[in-house]
Amino acid sequence: MNDKTPYFLPYQVKYLRDPAKFKIVEKSRRVGLTYAESYDNTKAAALGLINKVWFSSADLSASEEFIDYVGFWARFLDVAAKHVGEVVIDSENDVRVQRVTFASGAEINALSSNPTKFRSKGGRVILDEFAHHKDQAKLLAAAKPSTMWGAELRIISTHNGDDSVFNQLIAETKKPESAMSKWSHHVITLDDAIADGLVDKILGHQASIKEIEEWKNDVFSGLTKEAINEEFYCIPVSTSSNHLLSYELINAVERDEKEICFDDLNNCSGNLYAGFDVARRKDLSVIWVIEQLGEIYYTRKLIVLKNMPFREQKEILYSIISNPKLHRICIDATGLGMQIAEDAKLDFGQFKVEPVTFTNRVKEELATNTRVQVESRKVLIPRDKAIRDDLYSIRAVTTVAGNVRYEAVNNDESHADRFWSLGLALHAAKSNTGPIIIASGMRRESYDLLNRF
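Numbering of residues starts from 1 in every chain and runs along the sequence as written. Confidence filtering applies because this is a predicted model: local features only for residues at pLDDT of at least 70, side-chain atom pairs given and counted only at 80 or more, and all residues used for totals across whole chains, interfaces and linings. Side-chain measures here rest on the full set of heavy atoms in the structure, leaving out hydrogens and waters.

Undergrad: So what's going on with the overall build of the protein? Residues and values would help.
TA: Counting from the N terminus, the helices are the DSSP runs of H or I reaching at least four residues and the strands are the DSSP runs of E reaching at least two. A count of helices and strands for the protein gives 17 helices and 18 strands. By residue count, 49% of the 453 residues in the protein fall in the buried class. Whether two residues are in contact is decided by their heavy atoms, any of which lying within 4.5 Å being enough. When contacts within the protein are restricted to residue pairs at least 6 apart in sequence, long-range pairs at least 24 apart make up 68% of them. Using the Shrake-Rupley algorithm and a 1.4 Å probe, accessible areas are obtained, with residue cover drawn only from the displayed protein chains. Accessible surface, the protein as shown: approximately 23,500 Å² in total, 49% of it carbon and sulfur. Between buried and exposed lies partly exposed: a residue is buried under 20% and exposed over 50% of the maximum accessible area for its type, with that area taken using a 1.4 Å probe on protein chains only.

Here it is in structure tokens:
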């Protein structure tokens, strides 16, 4: 065996140097941890430090890839190894593995996720993409006893929902009183890997900030916010939460921005309504303007303001309210929005401006009405990822008292501000009573009364 040392990134080195008997890793996709794991096992097998290795992944192709890596490292380290190929280890149950043997007598076996395959097996166990196995609990129950004589167990995976056994194991490692608190717990997000040089290694040179952002945008393209969080940032998707709007419902009412939005609201022919969700520093201020044509509400303008002084926000708001085609606007009068809502009401009148204080009951009404309009496809919105994620983020949470509360998952930029501004706009349209009409059932007697009215 030669003394060549392969190049690994710092997070891979940290993992490889961890001597813990039990390791559990929550990680981003494609950061090369299985690649590093295959090196560690190949080297240990060649030196006779381990006798048997049992590697299992969620699908057979991943297990075969692991064996390919073992073959690569055997050639790299110049050690005597033989790819035996497929071996039947249990003819009665038709259990087969891909096997590589070494001159030291050690062997590395790769198999799929059938829990029965670990029965009566001893040696180091590696459960790859554990959260994606069909029966995680049975697999772990079958594999764990393989380590009774001192061998190691390593569980490596991206997340697959917050109700997975894998996520429960992660939670156990964080409890001081738990038996799993002694397990070695690693977390490797995509940003962790990038900070350690992942993109540099992929591109073959030190990547600029612009190159890294372009690379990430390419990787993330087409994925939802939740998918990105789960696949790359070790944040499991919440399966117990009740999202008010599904992506399917949202996608159905999306249109290209150029198709529905106007730069000049004077191009609108129908009644305009608007909603204004107010913020100053942490969240976004959003003004959402819709036009009613028949039974359909078309998004005509969406103004997103970030960290803008209230005086400037007020100028933009007043330019919208001043439009003669705007019939009504609802403004968030909770906390920071109270003054600007009161000023607008005084300046434009109570029939045109309605301050709305967000209570649980008000939020429920806004959320319910928005869902009805989206579900019936009576509102059309721009096709935009930020809008989509904001609308999807609203969840109905049942409190201990049995009450339903509508909450949003905070992200780095927004707290569902776009959703609430749309909800306010739709509420403005719903609460609008229209022009005052005077009628009389007595034509002659009332004529003089109504003349010149």
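Undergrad: Lay out the pattern of salt bridges in plain terms, naming residues and giving numbers.
TA: Think of a salt bridge as a Lys or Arg side-chain nitrogen and an Asp or Glu carboxyl oxygen that are within 4 Å of each other. What the rule picks out here adds up to 20 salt bridges. Between Arg388 and Glu254 there is a salt bridge, and its shortest N-O distance comes to 2.9 Å. With Arg388 in helix 15 (residues 385-392) and Glu254 in strand 10 (residues 254-255), this pair connects stretches of sequence that are 134 residues apart. Overall, the relative accessible area of 18% leaves Arg388 in the buried class. A salt bridge links Glu354 to Arg328; the shortest N-O distance between them is 3.2 Å.

Undergrad: Residues and numbers for the packing of aromatic side chains, please.
TA: Here the aromatic set is Phe, Tyr and Trp, taking the six-membered ring for Trp, and pairing holds for ring centres within 6.5 Å; pairs whose planes are under 30 degrees apart are stacked, those over 60 apart are edge-to-face, and all others are tilted. One pass over the structure, following the stated rule, counts 18 aromatic pairs. Relative to Tyr35, the ring of Phe8 lies with its centre 6.0 Å away and its plane at 65°, an arrangement referred to as edge-to-face. One end of the pair, Phe8, is in the segment before helix 1 (10-16); the other, Tyr35, is in helix 2 (residues 33-46), and 27 residues separate them in sequence. Overall, the relative accessible area of 24% leaves Tyr35 in the partly exposed class. Only Lys NZ and Arg CZ are tested; either one counts as a charge over a ring when it is within 6 Å of the ring centre and within 35 degrees of the ring normal. In this structure, Lys23 packs its charged tip against the face of Tyr15, placed 4.1 Å from the ring centre.

Undergrad: Describe in detail the nonpolar core, supporting the description with residues and values.
TA: The nonpolar side chains of soluble globular proteins are, as a tendency, buried together. The definition of a nonpolar core used throughout is a set of buried Ala, Val, Leu, Ile, Met, Phe, Trp, Tyr and Cys residues joined through side-chain atoms within 4.5 Å. Tyr11, Phe102, Ile108, Leu190 and Leu198 are the most contacted members of the largest nonpolar core, which totals 42 residues. Per-element accounting of this core gives the leading share, seven residues, to helix 3 (residues 60-77). Counting 34 residues, the second-largest nonpolar core is a separate cluster that includes Leu245, Tyr297, Leu366 and Ala425.

Undergrad: Pulling in residues and values, what's your account of the sheet that holds strand 16 (residues 379-382)?
TA: Picture the strands of a sheet paired through backbone hydrogen bonds; they go either parallel or antiparallel. Strand order in the open sheet formed by seven strands is 10-16-13-12-11-14-15, and the pairing between neighbours is mixed. With partners counted over all chains shown, the strands left at the sheet margins are strand 10 and strand 15 (353-356), one partner each. With 10 bridges joining them, strand 12 (residues 284-293) and strand 13 (residues 296-306) adopt antiparallel strand pairing. Considered in strand 13, the bridge of Trp288 is made with Leu302. Paired strands, in this sense, are two strands between which DSSP finds at least two bridges.

Undergrad: Let's hear about the environment of Gly222: which residues, and what values?
TA: Tracing the backbone shows Gly222 in the loop between helix 8 (209-220) and helix 9 (225-232). A C-alpha to C-alpha distance of 9.3 Å links Gly222 and Lys385, two positions 163 residues apart in sequence.

Undergrad: Summarise helix 2; cite the residues concerned and give the values.
TA: Under the convention used throughout, the expected extent of a helix is 1.5 Å for every residue step, that is, one less than its residue count. The end-to-end C-alpha distance of helix 2 is 20 Å, a good match for the 20 Å that 14 residues give at a rise of 1.5 Å each. With 11 of its 14 residues buried, helix 2 lies for the most part within the structure. Turning to helix 2, its buried residues number three or more, namely Leu33, Thr34, Ala36, Glu37, Ser38, Tyr39, Asp40, Asn41, Thr42, Ala44 and Ala45. Of the residues flanking the end of helix 2, it is Gly48, one or two places downstream, whose phi is positive at about 75°.

Undergrad: Talk me through the pairing of strand 8 (residues 184-188); I want residue IDs and the actual numbers.
TA: Of the two faces of strand 8, only the one carrying Ser184, His186 and Ile188 is buried; His185 and Val187 on the other face are not. Looking at chain direction, strand 1 (residues 22-27) and strand 8 are connected through five bridges and run parallel. Each residue of the ladder has a partner; that of Lys23, found in strand 8, is Ser184.

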